[in-house]
Amino acid sequence: MAEQPHALPYGVGRFSHRFLILLAVLTGVVVWGLFAYAHQLAEGLVVKGLRDIGTMGGATWGLYVAFVIYFVGVSFAGITVAALIRLFHLDHLRPVSRMAEALTIIALILAASCVVADLGQPLRGIINLFRYARPQSPFFGTFSLVVSGYLFASLVYLYLDGRRDAALMARRPSRLQGFYRLWAAGYRDTPAERARHERVTLWLALAIVPLLVTAHSTLGFVFGIQSGRPGWYSTLQAPGFVVLAGVSGIGLLLIIAAIMRVTLPEGKEVHVGIFRWLGTLLLFLTVVYLYFMVAELLTTLYTGTRHEAEISRSLLVGEYAWLFWGSVTGLVLGALVLSLRFLPTNVQTRLPSVSPRWPVLLLIGALLLTGLLALQGLDLISPFSATTARWLASVAAVLALLALVLSLPYLSRNLVAASVIAGILVNLAAIGKRILIVVPSQTHGNLLPYGTGWYQPTWSEISIIVGLFALGALLYTLFFKIFPVMEVHAHEEGAA
Amino acid sequence: MARYAMVIDLDRCTGCRACMMACKVENNTPQANFWMYVFRFEEGHYPNTHIWFMPRPCMHCDNPPCAKVCPVGARYKRVDGLVATDWDRCIGCRYCEVACPYGVNYFNWKKPSKNYYLDWQAKDVQEVTGGAVPPYRNPDLDQPYGAERRRTAGGGRLKGVIEKCTFCVHRVERGQKPACVQNCPLFALHFGDLDDPNSTVSQLLRRKPSFRLLEELGTEPRVYYVGGHPPSSESHQIEEVRVRV
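Residues numbered from 1 in each chain as written. Chains lettered and ligands numbered in written order. Predicted model: local features only at pLDDT ≥ 70, side-chain atom pairs only at ≥ 80, totals over all residues.

Colleague: Tell me what's going on with the sheet that holds strand 2 (residues 37-43) of chain B, and back it up with residues and numbers.
Modeller: All names here are of chain B. Taken together, three strands build an open sheet; the order of strands is 3-2-11 and the sheet is antiparallel. Edge strands, defined here as strands with exactly one partner in the open sheet, are strand 3 (50-56) and strand 11 (236-237). In terms of strand pairing, strand 2 meets strand 11 through two bridges, oriented antiparallel. Along strand 11, the bridge assignment pairs phenylalanine 41 with glutamine 237. (Pairing = 2+ DSSP bridges. Helix = DSSP H or I, 4+ residues; strand = E, 2+ residues; numbered from the N terminus.)

Colleague: Before we move on, can you summarise the pairing of strand 8 (residues 189-193) of chain B with the specific residues and values?
Modeller: All names here are of chain B. Taking burial as the measure, the five residues of strand 8 include four buried ones, the bulk of the element. Pairing between strand 1 (residues 4-9) and strand 8: five bridges, direction antiparallel. Bridge pairing in strand 8 links tyrosine 4 to aspartate 193. (Buried ≥ 20, exposed ≤ 12 C-beta atoms within 10 Å, placed from the backbone.)

Colleague: Lay out helix 1 (residues 17-43) of chain A with the relevant residues and their values.
Modeller: Residues and elements named next belong to chain A. When the terminal C-alpha atoms of helix 1 are compared, their 39 Å separation across 27 residues agrees well with the 39 Å that a helix rising 1.5 Å per residue should span. Along helix 1, the residues that are buried comprise Leu26, Val30, Gly33, Ala36 and Gln40. Once helix 1 ends, the next one or two residues include glycine 44, with phi positive near 95 degrees. (Expected span 1.5 Å × (residues − 1).)

Colleague: Would you mind going over the interface of chain B and chain A in detail, with residue names and values included?
Modeller: In this complex, chain B contributes 47 residues to the contact, which on the side of chain A involves 40 residues. Elements with a contribution of two residues or more to the side of chain B that touches chain A: strand 2, helix 2 (65-69), helix 3 (95-99) and strand 6 (106-107) of chain B. The element that contributes the greatest number of residues to the side of chain B that touches chain A is helix 3 of chain B, accounting for four residues. A breakdown of the residues in the side of chain B that touches chain A according to their chemical character gives 29 nonpolar, eight polar and ten charged. (Contact = placed C-beta atoms within 7 Å. Nonpolar A, V, L, I, M, F, W, Y, C, P; charged D, E, K, R; others polar.)

Colleague: Report on the packing of helix 9 (residues 272-302) of chain A against helix 10 (residues 306-316) of chain A, specifying residues and quantitative values.
Modeller: Axes are the key here: two packed helices are described by the angle between their axes and the distance separating the axes. Residues and elements named next belong to chain A. Two elements in contact, helix 9 and helix 10, have axes separated by 8 Å at closest approach and are oriented at 130 degrees. Here helix 9 lies oblique to helix 10, going by the angle between them. Between helix 9 and helix 10 lies a crossing whose hand is left-handed. Contacts from Leu297, Thr300 and Leu301 in helix 9 reach Glu308, Ala309 and Ser312 in helix 10. Taken together, the residues of the contact of helix 9 with helix 10 sort by class into three nonpolar, two polar and one charged. (Axes fitted to C-alpha atoms, helices over the stretch in contact; angles between N-to-C directions. Parallel < 35°, antiparallel > 145°, perpendicular 65-115°, else oblique. Left-handed = near helix turned anticlockwise from the far one by under 90°.)

Colleague: Quick one: what's the story with the sheet that holds strand 1 of chain B, residue by residue and with numbers?
Modeller: Residue and element names in this part refer to chain B. Read across the open sheet, the four strands follow the order 8-1-10-9; overall the sheet is mixed. The open sheet has two edge strands, strand 8 and strand 9 (210-211), and neither has a second partner. Packed onto the sheet, helix 7 (residues 200-207) meets strand 1, strand 8, strand 9 and strand 10 (223-226) and runs at close to 110 degrees relative to strand 8.

Colleague: So what's going on with the nonpolar core? Which residues, and what values?
Modeller: Burial of nonpolar side chains together is a common tendency in soluble globular proteins. All names here are of chain A. With 198 residues, the main nonpolar core has Leu103, Ala111, Leu253, Ala257 and Leu282 as its most contacted residues. The leading source of residues in this core is helix 2 (residues 63-88), at 18 residues. Other than its neighbours up to four places away in sequence, leucine 103 contacts Val74, Ala77, Gly78, Leu252, Leu253 and Ile256. Of all hydrophobic cores here, the second largest spans eleven residues; its members include Met169, Tyr180, Tyr187 and Val488. (Core = buried A, V, L, I, M, F, W, Y, C linked by C-beta atoms within 7 Å.)

Limitation: the analysis is restricted to geometry and does not speak to function.
Here you go:
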C-alpha cells in the first residue's frame, strides 16, 4: 500500500518489516502470558507467591492488584488530557489527544484482565459480579464506575472525537474504507454537524472530569476504608490514588508521544510544546505526590500507633526499604529531570557536554545486574550469596545514578529525551509505590500478633503481567495501524 | 431467634490445640488451613516469663468487615449471628481476607483434594488404607443451611474460593455444639445462645469480666474471652505455626 500515491496518513495500513517483527515479538510474549495463565488456571493460585494473611504469613493480594491499580492509574492520563484539551481549548495539545484516549481504553482493558487474572474463580467472577452485585462493597465502584462507566465514556469520547477523521479518511480509496464509513456513520463534516459534535464532546468532557476523580477515588477507597489494615486506613488514600494515577499516566503518555514523534513520518506534529506542557503538569503532580508521601509518613511515625509504626519502619529501614527508597528516588529524580528546562539558558550552555555513549553503557551495565539479581530473586538461578547480591544491587543503583548524572547536560538541552527519562522514572516509581501500598499492610503490622509475613512474586505472576503489557502494546499499535493517531488535516484531504 | 456466641475461658485453656484438630477433622479443611487456631504466647523475659494460650476462631462479628466488602454477597451475616460463606457463590477475590483484622480467612490456593497432609492416591498410602479414599466426608456438610438454604458448611470444597470457620453450622442447626467446643477437654470453650439467660455463655458473661478482640474497630465480635487479657505488644508467639501450602 505504501506505493499508492495517496497513501493514508500517519502510517495507517502500512506494515513495514520492522513493524511485523515487533508484532511477532509482542504476540510471542502475549502467548507466553497466556500459557502462564493457563498454568495458573489448571493448578490454582498456588503458583503465585501469594498466601493467606495470618497463620500462613503471606500476602493475599500482590502483584496483580498492584498492577490493576497501576493500569487504572495509567488510564487517568488519557481521557483527562483529552477532556482538558476540549474544556480549556488547549488546541496546541490536540496531536496527543487521540493517543491519550486510546491509552485510557487499552489501560482499562488491561486492568479488567488483571482483575480476572487475580480471581480464584474467574468464570464465576464474570457472572456473579453482575448477578449478585452489592453496592456496599468498595469493589462495586471499581466495576461500575471504573471498568464500565469510565471505559464506556472513554469509548464514546474516542468514537465521537474520531468521527470527523473517519469521514475524511473514508473519502479516499483504501482497504479500510468500509471501516471508516462505518465509524463515520453518515457524518459528512458540514459546519452544522461539526458544531453539534463540538457541543456533545464538550458536555461529555464535562461529565468525564468528575467521573475520573470519583473513579480513581473508589479504587483508593478499596484500601482506604479498611480500618483492619494499618497502613491502608487513611483519608489520604483516595486523593493519593488520583494524583499518582496522573503521575503514571502522564509519564506514559510522554513516552508514547516521544515514540510517535520518532517513528511517524509526520512525527514533527508532536511538537516540543506538547512535551513542555505535559512535562510541567507531570512535574506538578509528582511534587504534590511527594508532599502526600511526607504527610502520610509523618502522621504514621510521629504518633506511632504500634502497627502503623511497624509498617512505616518496614518501609523506611526494613524489608521494603529498597523498594520504598527506589520509588522515592524515581519520583525525585523524575521531578529533577523535568525541572531541568527551568535552568537559565546561560547555565544550560555552560554545562559540559558528555558523549551519550557513557551513560548508555553504564545504564546497560546497571540493567544487566538488575536482571541477574531479579533472576536470583525469583529463585531461578542463584549465582551469588545474599551479601554479594546486596552489594551488587548497590552497584547497580550507583551505575544507574551515575548514568543519569552524566546524561543531565544532554537532557537539559533535549526536552523530549528529558520527558522520556522522567516518564520512565516516575512510572517505575509508581509501580513500586503501588506494590508498597498493597503488600506491606498484609505482611506487616497485623493487628493480632501473627508473625511478620513475606511475599515473593513467582515467574508465573510476572509472566502474566509482562504478557498483559505486551497485549496492551499490541492492541495500541494495531489500533493506530487502522486509525490515524492524530487529526487528519482537511486541506490535505481537499487536495486528494 | 437465637443469638449465638462463643465464650473462651483463657484461665482454663492449656494450649493443647485439640480444638484445632477437632475442627480439621470435622470440616475437612485442607493442609495449613486453621479455622480454629491457638496462639501460644510468652510474655516477659527469661526467667520471669508468663505463658498463656488464646484460641482464635472466626469472631462472627455483628458488624463483619468481611461481609461488608464482599462484592457478590457470598459472605453474609445470618439472623442467628453466624457469619457464613457461600462457597457456591464466592468468586475468589479475597477482599474478605484483607478486610478481616483477625486473619481468619483461608483461600483454597490449590485443589483441596491435592492439599491434605497425605496424598491418598499415592501407592504406599493406599497399601495401608486398602484403597479407601479418606478423608471421610461428612454428608451433612453438603446440605444447604439457614433460612436462605445456602451451602455454607464444611471446607475443602474447590480451588479458588474462600473458606473460614462456620461455627459448625451443620452441628449448631441440629442443636449440637461446634466441634471445637465439643472436643475441648478442659471446658475452656463454650457455645450458646446469648438470648437465653440460662445458657452457659450468658451465665459466664454475667459472672466474669470479659473482653473481645480488637473491640475498638467496631466489629462487634461474637466471641468473648473471659479470665485473661487481650494480647499486647509484650505477647510473643512461641511455636508459631508457619506452614504454607
